[in-house]
Amino acid sequence: MTVQGEVAIPFAHPVYIRSIVDCLNSRGVRPSDVLASAGLAWQDLSDGQRMVDFSVFRRFVMHAIQASGEPALGLMAGSMLQPYHSPVGIAAVTSDTLGQGLQIMSRHARLMFRSMDVKIENGPRWSTLRVKPMRPLCETHVFVMQSILGAYCRLLEAILGRPADELAAGLPYPRPAGNDIPCLRYVRRVEFDQEHLSFQLPIELLRVRSTAADADAFHEAAQACRKMESELGHGDFVARVRRTLLERLTANPEVGELATDLGISGRTLARRLAEAGLNYSDIKDDLRKTHAAWYLQHTELSMEAIASQLGYNDPTNFSRKFKCWYRVPPSKMRQTLRGGLH
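None of these values were measured; they are calculated from a predicted model.

Caption draft 1: Just the packing of aromatic side chains, in detail. Here the structure, examined in full by the defined rule, presents 15 aromatic pairs. Ring centres of Phe322 and Trp325 lie 6.4 Å apart, and the angle between their planes is 65°; this geometry places the pair in the edge-to-face category. Of this pair, Phe322 and Trp325 both sit in helix H14 (residues 315–326), separated by three residues, roughly a single helical turn. Each member of the pair Phe322 and Trp325 is classed as buried. Counting every residue linked through ring pairs, the aromatic cluster contains Phe11, Tyr16, Phe54, Phe57, Phe113, Phe143, Trp294 and Tyr295. Seen from the ring of Tyr312, Arg288 lies directly overhead, with NZ or CZ sitting 4.0 Å from the centre.

Written out as structure tokens, the structure reads:
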């Protein structure tokens, strides 16, 4: 669900919210109060529900940290996200090797977080997994990064049957003040102020067999992941076009470029969109319209930076188009949306 008047950006799977709820319970906090404060209800957290919108997630995280009094709540919640709570985790844990488990996890990472780009780079000595947000996470940035750190360490432990002492992590935020650094409870080697969240393991570790390897369970879970991916995209060609275009919106790709990304010809792309009563320009405008409002509400980016994120070379063109969409200048819209947020 989302709050009336806010831009709906699906962000987190309900199972992730449930892990935070479990963490609150363990600290003696009544989750129902925190959920209500964020505009969530228990029925919103079932696996069959759609992803929680980012605007609601922001409120939930803010109230959860305030109620618990624990700045490292993200780390704790991530470590409580059991792999067997989702098809992605089950597929990763029952993979034949650690390497296969990490590949399946990165391939389907967006089933947990819609706005994360996860890639694995394997070199001669090291395997590095990088996690990059596709849009600003605002004040939830550290919380989400810590959650992913905790969940990743928990996943490695489930696959290896022991803590991954070989793991080195790069965190995209400053080193916390004081000697008691919470993340050191989960990983021994940490570097702060990195460009992106990253996890590095010796390449030979990827060949280690999973302690819970099970070919049948893996096949079933992998199938469930593929089904979830299909449902997430509504099993719809148009949704696939929207998703691919969103990932490349900053580059403002022409129809032929996007068609190449989709593995089809530009003519086929145009024809299939026409069959759905749409055209490429309209889809691009719709994405730009929605995300323009989102950036104005949830970030401090300048108008020039927002225009660039949406693929406009000239901020003037962006402002002119924005007035056509909303009948008000972007600066006025930002004031209105911020009034609703606070």
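Caption draft 2: Spotlight on the environment of Met105. In this structure, Met105 sits in helix H6 (residues 98–107). Through-space distance from the C-alpha of Met105 to that of Ala92 is 5.9 Å; in sequence the pair is 13 residues apart. Filtering out sequence-adjacent residues up to four positions away, Met105 remains in contact with Val88, Ala92, Leu129, Tyr152 and Leu155.

Caption draft 3: A look at empty space enclosed by the protein. Taken as a whole and judged by the stated rule, the model has one cavity of 30 Å³ or more. Among the secondary structure elements, those contributing two or more residues to the lining of the largest cavity are helix H5 (87–93), strand E3 (116–122), strand E4 (126–133) and helix H7 (141–160). Of the residues forming the lining of the largest cavity, the biggest block, five residues, is contributed by H7. In terms of residue class, the lining of the largest cavity is made up of 17 nonpolar, five polar and no charged.

Caption draft 4: Quick look at the side chain of Ser68. With respect to the helices and strands, Ser68 occurs in helix H3 (residues 54–68). Looking at Ser68, its side chain comes within polar contact range of the main-chain oxygen of Ala64, at 3.0 Å. Once residues lying within four places of it in the same chain are set aside, the contact partners of Ser68 are Leu24, Arg27, Val29 and Leu73.

Caption draft 5: A look at the sheet that holds strand E5 (residues 168–170). Taken together, the five strands give an open sheet; going across it, the order is E3-E4-E7-E5-E6, and neighbouring strands pair in mixed fashion. Two strands bound the open sheet, and with one partner strand each, they are E3 and strand E6 (189–191). Strand-to-strand twist of the sheet, defined as the mean angle between neighbouring strand axes without regard to direction, takes the value 15°. One ladder, built from seven bridges, connects E3 with E4; its direction is antiparallel. When the bridges of E4 are listed, Glu121 appears paired with Thr128. Taken strand by strand, H6 contacts E3, E4 and strand E7 (197–202), and its axis lies near 150° from that of E3. In this fold H7 packs onto E3, E4, E5 and E7, with an angle of close to 20° to the strand it touches most, E7.

Caption draft 6: Examining helix H12 (residues 280–298) more closely. With 19 residues, H12 extends 27 Å from end C-alpha to end C-alpha; this agrees with the ideal 27 Å at 1.5 Å per step. Among the residues of H12, the N-terminal cap falls to Asn279, whose side-chain oxygen and the backbone nitrogen of Ser281 are separated by 3.1 Å.

Caption draft 7: Region of the structure containing the environment of Trp42. With respect to the helices and strands, Trp42 occurs in the loop between helix H2 (31–38) and strand E2 (52–53). Classification of Trp42 by relative accessible area gives partly exposed; the value is 48%. C-alpha of Trp42 to C-alpha of Ser32: the two residues are 10 residues apart in sequence and 7.7 Å apart in space. For Trp42, the contacting residues outside a window of four places in its chain are Val21, Pro31, Ser32 and Leu35.

Caption draft 8: Layout of the pattern of salt bridges. Here the structure, examined in full by the defined rule, presents 12 salt bridges. We note a salt bridge from Asp285 to Lys321, for which the minimum N-O separation is 3.2 Å. Remark: Lys321 occurs in helix H14 and Asp285 occurs in helix H12; sequence separation between them is 36 residues. By relative accessible area, which is 29% here, Lys321 ends up partly exposed. One connected set of salt bridges, linked through shared partners, spans Arg248, Glu257 and Asp261.

Caption draft 9: Representation of the packing of H3 against H12 in the model. Relative orientation of the contacting elements H3 and H12 amounts to 20°, with a least axis distance of 12 Å. One finds that H3 runs roughly parallel with respect to H12. At the point where H3 passes H12, the crossing takes the right-handed sense. On H12, the residues that touch Phe54, Ser55 and Arg58 of H3 are Trp294, Gln297 and His298. Here the residues of the contact of H3 with H12 are counted per class, giving two nonpolar, three polar and one charged.

Caption draft 10: Region of interest: the environment of Ala72. Secondary-structure assignment places Ala72 in the loop between H3 and helix H4 (73–79). Separated by 25 residues in the primary sequence, Ala72 and Thr97 have C-alpha atoms spaced 31 Å apart. Leaving out residues up to four positions away in the same chain, Ala72 has contacts with Gln146 and Pro182.

Caption draft 11: Molecular detail of the packing of H12 against H14. In the contact formed by H12 and H14, the axes pass within 11 Å of each other and the chain directions differ by 95°. In terms of their interaxial angle, H12 and H14 are classed as roughly perpendicular. Across from Asp285, Arg288, Lys289, Thr290, Ala292, Ala293 and Leu296 in H12, the residues of H14 making contact are Phe318, Lys321, Phe322, Trp325 and Tyr326.

Reading guide: rules and limits
- Residues numbered from 1 in each chain as written.
- Predicted model: local features only at pLDDT ≥ 70, side-chain atom pairs only at ≥ 80, totals over all residues.
- Heavy atoms only, no water.
- Phe/Tyr/Trp six-rings, centres within 6.5 Å; stacked < 30°, edge-to-face > 60°.
- Helix = DSSP H or I, 4+ residues; strand = E, 2+ residues; numbered from the N terminus.
- Buried < 20%, exposed > 50% of the residue type's maximum accessible area, 1.4 Å probe, protein only.
- Lys NZ or Arg CZ within 6 Å of the ring centre and 35° of its normal.
- Contact = heavy atoms within 4.5 Å.
- 1 Å grid on protein atoms, 1.4 Å probe; cavity = no way out; pocket = protein on both sides within 12 Å on 5 of 7 lines; lining within 4 Å.
- Points joined across faces, edges and corners; volume = space filled by probe spheres on them.
- Nonpolar A, V, L, I, M, F, W, Y, C, P; charged D, E, K, R; others polar.
- Polar contact = N/O pair within 3.5 Å; in protein donor to acceptor, adjacent residues only side chain to side chain.
- Pairing = 2+ DSSP bridges.
- Axes fitted to C-alpha atoms, helices over the stretch in contact; angles between N-to-C directions.
- Expected span 1.5 Å × (residues − 1).
- Salt bridge = Lys/Arg side-chain N within 4 Å of Asp/Glu carboxyl O.
- Parallel < 35°, antiparallel > 145°, perpendicular 65-115°, else oblique.
- Left-handed = near helix turned anticlockwise from the far one by under 90°.

This is a description of form; function is not addressed.
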